[in-house]
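# An overview of the molecular structure
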Amino acid sequence: MRSGDVGLELGSRVAAAVRAALGVEITPAEALIRPAPPNRADYQCNAAMGLAKRLGRPAREVAAAIVEHLDVSDLAEPPEVAGPGFVNFALRRDRLAARLADLVADDRLGVPPVAEPRRCAIDYGSPNVAKEMHVGHLRSAIIGDAVVRVLEFAGHDVVRHNHLGDWGTPFGMLIEHLTDEGGSAGGSIRDLDAFYRAARRKFDTDPGFADRSRRRVVALQRGDEATLALWRDLVRASERHFAEVYALLGVKLDEADHYPESFYNPFLDEVVADLEAAGLTEVSDGAVCVFPPGFTNRDGERLPLIVRKSDGGYGYAATDLATVRYWTREREATDLLYAVGSPQAQHFRMVFATAERMGWLDDDHRAVHIGFGSVLGEDGKVLRTRAGASVKLVDLLREAVDRAAEVLSRRGELPEELRGPVARAVGIGAVKYADLSGDREKDYVFAWDRMLALEGNTSVYLQYANARARSVVARAGRTGARCRWTPRPSGRWPCSWCGCPPPWP
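Keep in mind it's a predicted model, so treat the numbers as computed, not measured.

The grouping of Glu356, Asp362, Asp363 and Asp364 at the surface amounts to a negative patch. Along the chain, Asp364 falls in the loop between α13 (345–358) and β11 (366–370).

So this is what it looks like as structure tokens:
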């Protein structure tokens, strides 16, 4: 019996006892069955206080009457009245033991798959080509991947798509600079980072170069093969870097999941044509805009969603509308999920509102923005290097592994050959847990000492507790739960990490 089932069953029995003892009808939900405070009991019934006011009787007297007519002997020890009128339930140990045994033997831990799976397309990751991933990409990758895993476990059909930024004016600038230098983008992503900064400086200070860059964008969009070849070179170099970071994070994103901005480029004209045919567009200062109802600035003026700029180019709004249109119409997704930072909340609300007016989103096709806060340094500001630059994500993750290795070095019993894999599991686990254990929508402070603490609400403590629990299960004779660590360097058993005995799988 699952936790929710226990609460529901206790609620039903309390409702029956209230009817028998007091002549009052309540629902199982109105029995107010809640988890009990630590070290008090397993569950607690909080209904007596409300019933006492209703009946004009002391709450403890009402609680005692409920207990007198309550039959839970097959589920719990005799219930007790506590405090002002709480009814505490301690579940029978034999029932708990049987349930735990069932869970250990069940790969799904008692969670049934959903009865009606949905097709979920989730947008997460979304780094920019020709730039190294920085700490600002951390939360999208971690939160998005967690959502993917939960939905897949529940039984939904999940399609991952990484909305890479690989189109627009910056690429005209980069390709033109690449042409000037006569080089190749085949170097490391760190070279590309420096290359990007040099191209940006030239773009900002040299009007002639800026004009050539804009013309190069037009050539890219028109499919000029020489320009496309240089663009593909930039994309390939970036994808190698993305793969390295995602592998280090253990995130389920690979090249097959890449749906970059360029993928949606062929659909943009159609999107604008559809919007115009539906009568949703207006021309404002030469740009084609949609003004979704209910969105205004501080002065009460309508906010535009610019779908085509005055120079004929397309921005994020057009691409995001094309994304909604593609995944709902072409790929038959029922749920669109976007793991993107909270500053983009208004943009997504406007995109979703427009898509609803177009019929791309309706009762059967939903869109949700999974917003999140920023990663802060211990000074309370957005996490940056001492030089003021964005923290490179791969550097942060490698530092996590190095710091975890230092923590492990204080525990000398771990064999040398396991220090690397365990340091990686502990370090990356610490980064992920710090992100997922707090309020998703709030900023959080990135603090190494707290993340890697051996005690408290940290992944390190939980991983160690898990290893010890698996040791207990292994000693009880369930070989499938044995850990995989090797014997002590001395050759003596038991396992040097969790203490479980041989034989080893």
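Okay, back to it.
This part covers the packing of aromatic side chains. Applying the stated criterion to the full structure yields 13 aromatic pairs. Aromatic side chains Tyr259 and Trp327 sit 5.0 Å apart centroid to centroid with 70° between the ring planes, which places their arrangement in the edge-to-face category. Of this pair, Tyr259 sits in the loop between α9 (225–249) and α10 (261–264) while Trp327 sits in helix α12 (residues 316–330), and the two are 68 residues apart along the sequence. Where Tyr338 meets Phe348, the ring centres are 4.9 Å apart and the plane angle is 45°; that geometry is what we call tilted. Here the residue Tyr338 occupies a position in strand β10 (residues 335–339), and Phe348 occupies one in helix α13, the gap between them amounting to 10 residues. These aromatic residues form a ring-pair network of at least three members: Tyr259, Phe263, Tyr264, Phe267, Tyr326 and Trp327.

Its 13 residues give helix α6 (residues 169–181) an end-to-end C-alpha distance of 19 Å, which sits within 8% of 18 Å, the value for a rise of 1.5 Å per residue. Among the residues of α6, Phe171, Gly172, Met173, Leu174, Ile175, Glu176, His177 and Leu178 are the ones counted as buried. Where α6 terminates, the next one or two residues include Gly182, which has phi positive at roughly 65°.

Time to look at the packing of helix α15 (residues 416–436) against helix α17 (residues 459–475). Contact geometry for α15 and α17: axes closest at 8 Å, N-to-C directions at 125°. Taken together, the axes of α15 and α17 lie oblique to each other. For the pair formed by α15 and α17, the contact residues are Ala425, Val426, Gly429, Ala430 and Tyr433 on the first element and Ser459, Val460, Leu462 and Gln463 on the second. Here the contact of α15 with α17 is composed, by residue class, of six nonpolar, three polar and no charged.

Let us look at the environment of Phe209. As for its placement among the helices and strands, Phe209 is situated in helix α8 (residues 207–221). We classify Phe209 as buried; its relative accessible area is 0%. Each C-alpha atom, one on Phe209 and one on His241, is 28 Å from the other, the two residues being 32 residues apart in sequence.

Moving on: the side chain of Thr323. With respect to the helices, strands and loops of the structure, Thr323 is situated in helix α12. Assessed through its relative accessible area of 1%, Thr323 is described here as buried. Of the polar contacts made by the side chain of Thr323, one reaches the backbone oxygen of Thr319; its length is 2.8 Å. Those residues in contact with Thr323 that sit more than four places away from it in its chain are His161, His163, Tyr264 and Tyr338.

Most of β10 sits out of view: five of its five residues are buried. The alternating pattern of β10 places Asp335, Leu337 and Ala339 and Leu336 and Tyr338 on opposite faces, both of which are buried. Summarising the sheet, β10 and β11 pair through five bridges and their orientation is parallel. Following the sheet pairing, Asp335 is matched in β11 by Arg366.

Conventions adopted
Residues numbered from 1 in each chain as written. Predicted model: local features only at pLDDT ≥ 70, side-chain atom pairs only at ≥ 80, totals over all residues. Heavy atoms only, no water. Patch = residues over 30% accessible without salt bridge, like charges linked within 9 Å, V, L, I, M, F, W, Y side chains within 5 Å. Areas by Shrake-Rupley, 256 points an atom, 1.4 Å probe, with all protein chains shown as cover. Salt bridge = Lys/Arg side-chain N within 4 Å of Asp/Glu carboxyl O. Lys, Arg positive; Asp, Glu negative; His and termini not counted. Charge placed at Lys NZ, Arg CZ, Asp CG, Glu CD. Helix = DSSP H or I, 4+ residues; strand = E, 2+ residues; numbered from the N terminus. Phe/Tyr/Trp six-rings, centres within 6.5 Å; stacked < 30°, edge-to-face > 60°. Expected span 1.5 Å × (residues − 1). Buried < 20%, exposed > 50% of the residue type's maximum accessible area, 1.4 Å probe, protein only. Axes fitted to C-alpha atoms, helices over the stretch in contact; angles between N-to-C directions. Parallel < 35°, antiparallel > 145°, perpendicular 65-115°, else oblique. Contact = heavy atoms within 4.5 Å. Nonpolar A, V, L, I, M, F, W, Y, C, P; charged D, E, K, R; others polar. Polar contact = N/O pair within 3.5 Å; in protein donor to acceptor, adjacent residues only side chain to side chain. Pairing = 2+ DSSP bridges.

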